[in-house]
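Summary of structural features
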Amino acid sequence: MRPMAATQSQLLNAYAQCAVEHGQFLSEGKWQLNNAVVEKMSTLVEELKALTGGDLTPLKVLLCHEIPVVRRCAAGSLLETNDADAENALESMGQGQGIESFLARNILNKWR
């Protein structure tokens, strides 16, 4: 029996959970776990593309997430589409202090 394909909502929820784990593992220096969760996030993005015909617009809902690491990860994934909202989200995050601001600036610098 074939497993049911994930819904868009399930993929976005899983992506957000992975982003939270990514932030946790990064702060704890658990590099192997971090690498695995980042790979899972990439897989979820590919599954979302397959579900939507390549459209990553559904990820935009995560740009307003209450947890900064989720916003940063979603914005980073959306940059491949040259999404202005993603760029603006990272710009805004990069104005602050702390690790998330540093990482947002770093993502933008590498992307540009």
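Report on the accompanying structure. Note that the coordinates shown come from a computational prediction; the quantities given were computed from them, not determined experimentally. (Residues numbered from 1 in each chain as written. Predicted model: local features only at pLDDT ≥ 70, side-chain atom pairs only at ≥ 80, totals over all residues. Heavy atoms only, no water.)

1. A closer look at the overall build of the chain
Test applied: Segments assigned H or I by DSSP are reported as helices when at least four residues long, segments assigned E as strands when at least two residues long, and all are numbered from the N terminus. Atoms counted for the radius of gyration: C-alpha only. Globule rule: 2.2 Å times residue count to the power 0.38. The cut-offs for exposure are 20% and 50% of the maximum accessible area for each residue type, with area from a 1.4 Å probe on protein chains only; residues under the lower value are buried, those over the upper are exposed, and the others partly exposed.
The secondary structure content of the chain amounts to five helices and zero strands. Against the globule reference of 13 Å for 112 residues, the chain gives a C-alpha radius of gyration of 14 Å, in line with a compact fold. With respect to the three principal axes, the spread of C-alpha positions in the chain is 50 × 30 × 25 Å. A buried classification covers 37% of the 112 residues belonging to the chain.

2. Overview of the packing of helix H4 (residues 84-93) against helix H5 (residues 99-111)
Heads up, the condition is: Axis lines are fitted to C-alpha atoms, over the contacting stretch for helices. Their N-to-C directions set the angle, which ranges from 0 to 180 degrees. Here the angle decides the label: under 35 degrees means roughly parallel, over 145 means roughly antiparallel, 65 to 115 means roughly perpendicular, and every other value means oblique. For any pair of crossing helices, the crossing counts as left-handed if the nearer helix is rotated counterclockwise from the farther one by less than a right angle, and right-handed if it is rotated clockwise. Only heavy atoms matter for contacts: two residues are in contact if any of them lie within 4.5 Å across the pair.
The N-to-C vectors of H4 and H5 enclose an angle of 135 degrees; their axes lie 8 Å apart at closest approach. With respect to each other, H4 and H5 are oriented oblique. Two packed elements cross with a definite hand, and for H4 against H5 that hand is left-handed. Between H4, through Glu 87, Leu 90, Glu 91 and Met 93, and H5, the contact on the second element is made entirely by Glu 100, Ser 101, Ala 104, Ile 107, Leu 108 and Trp 111.

3. Let's talk about the environment of Lys 60
Tracing the sequence through the fold places Lys 60 in the loop between helix H2 (31-52) and helix H3 (68-78). Residue classification places Lys 60 among the partly exposed positions, given a relative accessible area of 26%. On a C-alpha basis, the gap between Lys 60 and Arg 71 in space is 9.0 Å, while along the polypeptide they are eleven residues apart. Apart from the residues within four sequence positions on either side, Lys 60 is in contact with Leu 78, Asp 83 and Asp 85.

4. Description of the pattern of salt bridges
This is how the line gets drawn: Salt-bridge detection follows one rule: a side-chain nitrogen of Lys or Arg within 4 Å of a carboxyl oxygen of Asp or Glu.
What the rule picks out here adds up to eight salt bridges. The salt bridge involving Lys 49 is made with Glu 46; its shortest N-O contact spans 3.4 Å. Linking Lys 49 with Glu 46, this pair stays in helix H2, spanning three residues, or about one helical turn. For Glu 46, a relative accessible area of 46% corresponds to the partly exposed category.

5. Topic: H5
Residue pairs three or four apart in sequence face the same way in an α-helix, which turns once every 3.6 residues. What counts here: Expected helix span is computed as 1.5 Å times (number of residues minus one). Starting at the helix axis, one direction is taken to each C-beta atom, and the arc is that of these directions.
Between its first and last C-alpha, H5 extends 18 Å over 13 residues, near the 18 Å set by a 1.5 Å rise per residue. Residues of H5 that are buried: Glu 100, Ser 101, Leu 103, Ala 104 and Leu 108. Projected down its long axis, H5 carries its buried residues within an arc of 165 degrees, all on one side. Exposed and oriented more than 90 degrees from the buried face of H5 are Ile 99, Asn 109 and Lys 110. Where H5 is buried, its residues contact helix H1 (8-28), H3 and H4.

6. Digging into the nonpolar core
Within soluble globular proteins, side chains that are nonpolar tend to cluster in buried spots. As a reminder of what qualifies: What is meant by a nonpolar core is a set of buried Ala, Val, Leu, Ile, Met, Phe, Trp, Tyr and Cys residues, joined one to another through side-chain atoms within 4.5 Å.
Counting 29 residues, the largest nonpolar core has Tyr 15, Leu 59 and Leu 62 as the members making the most contacts within it. Within the residue set of this core, elements represented by two or more residues are H1, H2, H3, H4 and H5. Element by element, the count of residues in this core is highest for H1, at seven residues. Not counting residues up to four positions away in its chain, the partners in contact with Leu 59 are Leu 12, Tyr 15, Val 45, Leu 48, Ala 74, Ser 77 and Leu 78.

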